[in-house]
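# Structural characterization, general
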Amino acid sequence: MSIQAKRHRIGYALAPKKVQSFIQPSLISHASRHNVDLIAIDPSKSLIEQGPFDCVIHKLYGPDWKLQLEKFYLENPKVPIIDSPDSIERLHNRISMLEVVSRLNIPKRSQVLDVPKQVVVLDSENLKGNGVVGEIGFPLVAKPLVADGSAKSHKMYQIFDSEGLKRLDAPIILQDFVNHGGVIFKVYVAGDYVQCVKRKSLPDISQEKLATLKGSLSFSQISNLTVRGNEGFGDVVDLEKVEMPPLGFVEEIARAMRRETGLNLFNFDVIRDAKDRNRYLVIDINYFPGYAKMPNYESVLTDFFLDLVHNNNSREMLTGNIEDGEQESYIGGLKGNND
Ligand SMILES: O=P(O)(O)O[C@@H]1[C@@H](OP(=O)(O)O)[C@H](OP(=O)(O)O)[C@H](O)[C@H](OP(=O)(O)O)[C@H]1OP(=O)(O)O
Ligand SMILES: Nc1ncnc2c1ncn2[C@@H]1O[C@H](COP(=O)(O)OP(=O)(O)O)[C@@H](O)[C@H]1O
Ligand SMILES: [Mg+2]
Ligand SMILES: [Mg+2]
């Protein structure tokens, strides 16, 4: 008689585009070989009736979905929901997103962590003069305040002068454009796991170059473009020659961000100041990013699922910074310390 190993059911609720990119055959088969079954959740049907699940992962928004998760949690308080909608929501606004960084508690070391100077403009009238730019100065990057995953929320502008401000619509963030050698570092986090990769970015703008630039230039998801795709933005760097940030530093940031946000699945974009190689700036934090682009994503994510189902009692992992004595809960109560 053969003894069958217990199989673990991970329910996933994702938009069709995300299913296509994340639920690759290679992930399904790797997970399956490790007794993990990935089960599609139909958000238009009752979540409770689609179970049982050992864990639910999701990247869907809106009050209906939130209500489904709350009901599911009340019936299944022991099943981890990755992650809490309230914690995720904090990343949907580019001001509250970067406030996370200023709250991080990172041991002192030679590398310094910062965020670019930025202002939020809530009224388009204020974009008519350049008074709003204040000490940020030009060039700057204009980003939609909302970062909800829509194509619109990724549409950005490099602004070279006050003329360039006029085409913008509020609510928008004006952020210091920091020269960073044309490379960003994307740090992927999946529970305890941290991986940093290099991607190409916007090239530096010298003061001489700035004098020749007028108005603005729009761009979107520059790090996903092909090498030929960022023509018009200047030289392409040789990524292979670029030195990575110290891994220990990146891991400390990731750990601190997990504690601060209570999130398990996210990545963040870091740039290194071209004027000071010890100064790093976080410019973006994304919930449940495109993990399939990360080397070994199949084993990283499968290990994460196995950790979840095996260490269901691992309070540190799931509840981040919940204080002792507080009720353990995976949803609603799991908010990070953004009070
Ligand atoms: O689609 P992908 O694979 O490029 O992943 C996107 C991410 O790319 P990355 O893994 O960081 O290179 C992307 O990261 P960036 O914003 O490009 O830094 C976002 O996480 C995006 O999600 P959303 O549209 O902001 O909700 C992610 O898109 P979704 O598929 O989650 O919508
Ligand atoms: N403050 C900045 N200074 C220089 N480049 C920036 C800055 N902010 C963003 N970028 C560039 O713009 C890209 C998109 O900005 P980001 O905030 O990551 O938006 P998204 O959420 O669409 O990825 C970054 O990957 C980087 O190349
Ligand atoms: Mg980004
Ligand atoms: Mg983003």
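Conventions we followed
The residue numbers shown here count from 1 along each chain, following its written sequence. Each chain takes a letter, starting from A, and each ligand takes a number, starting from 1, following the order in which they are written. Given that this is a predicted model, residues contribute local features only at a pLDDT of at least 70 and side-chain atom pairs are listed and counted only at 80 or more, while totals for whole chains, interfaces and linings are drawn from all residues. Only heavy atoms go into the side-chain values, all of them from the structure, while hydrogens and water stay out. Burial classes: relative accessible area under 20% of the type maximum marks a residue as buried, over 50% as exposed, and values in between as partly exposed (1.4 Å probe, protein chains only). Starting at the N terminus, helices and strands are each numbered in turn, a helix being any DSSP run of H or I of at least four residues and a strand any DSSP run of E of at least two. Summarising the geometry, the arc corresponds to the directions from the helix axis toward the C-beta atoms. Two residues qualify as a contact provided that any one of their heavy atoms is within 4.5 Å of a heavy atom in the partner residue. Coordinating donors are taken to be N, O and S atoms lying within 2.8 Å of the metal, or within 3.2 Å when the metal is Na, K or Ca; because water is excluded from the atom set, some sites may appear incomplete. UniProt positions are given in the numbering used here, feature names are shortened, and annotations may be inferred rather than shown by experiment. Cavities and pockets are defined on a 1 Å grid built over the protein atoms alone: a cavity is a set of grid points where a 1.4 Å probe fits but cannot escape, while a pocket is an open set with protein on both sides within 12 Å along at least five of seven lines, and lining residues are those with an atom within 4 Å of any such point. Identification of polar contacts relies on pairs of N or O atoms within 3.5 Å, with a donor-acceptor requirement for protein atoms, meaning one able to donate a hydrogen and the other able to accept it, and with residues adjacent in sequence counted only if both atoms are side-chain atoms.

The chain appears in an unreviewed UniProt entry as Inositol-tetrakisphosphate 1-kinase from Hevea brasiliensis.

## Some points on helix 2 (residues 25-33)
Every buried residue of helix 2 is accounted for by Leu27, His30 and Ala31. When helix 2 is viewed along its axis, its buried side chains cluster within an angular range of 95 degrees and face the same direction. Within helix 2, the exposed residues directed more than 90 degrees away from the buried face are Pro25 and Arg33. The secondary structure elements touched by the buried residues of helix 2 are helix 1 (16-22), strand 2 (36-40) and helix 10 (297-310). Asn35, located one to two residues past helix 2, shows a positive phi value of around 65 degrees.

## Digging into the coordination of the magnesium ion (ligand 3)
Surrounding the magnesium ion (ligand 3) are the protein donor atoms Asp269 (OD) and Asp284 (OD), at 2.1 Å. A separation of 3.7 Å is found between the magnesium ion (ligand 3) and the magnesium ion (ligand 4), which are bridged by Asp284. Of this pair, Asp269 sits in strand 13 (residues 265-272) while Asp284 sits in strand 14 (residues 279-287); the two residues are 15 residues apart in sequence, bridging distant segments of the chain. The pair formed by Asp269 and Asp284 is uniform in burial state, with each residue classed as buried.

## Overview of the UniProt feature "binding site: 1D-myo-inositol 1,3,4-trisphosphate" (unreviewed entry) in the chain
Those places that UniProt annotates as "binding site: 1D-myo-inositol 1,3,4-trisphosphate" (unreviewed entry) correspond, in this numbering, to Lys18, Lys59, His154, Lys186, Asn286 and Gly290. Of the residues named above, Lys18, Lys59, His154, Lys186, Asn286 and Gly290 line the largest pocket. By secondary structure assignment, the location of Lys59 is in strand 3 (residues 55-59). Excluding anything up to four places from it in sequence, Lys59 contacts Ala13, Leu14, Ala15, Lys18, Tyr287 and Phe288. At a separation of 2.9 Å, a polar atom in the side chain of Lys59 contacts the main-chain carbonyl oxygen of Tyr287. Mapped onto the secondary structure, His154 falls in the loop between strand 7 (140-144) and strand 8 (155-159). Classification of His154 by relative accessible area gives partly exposed; the value is 21%.

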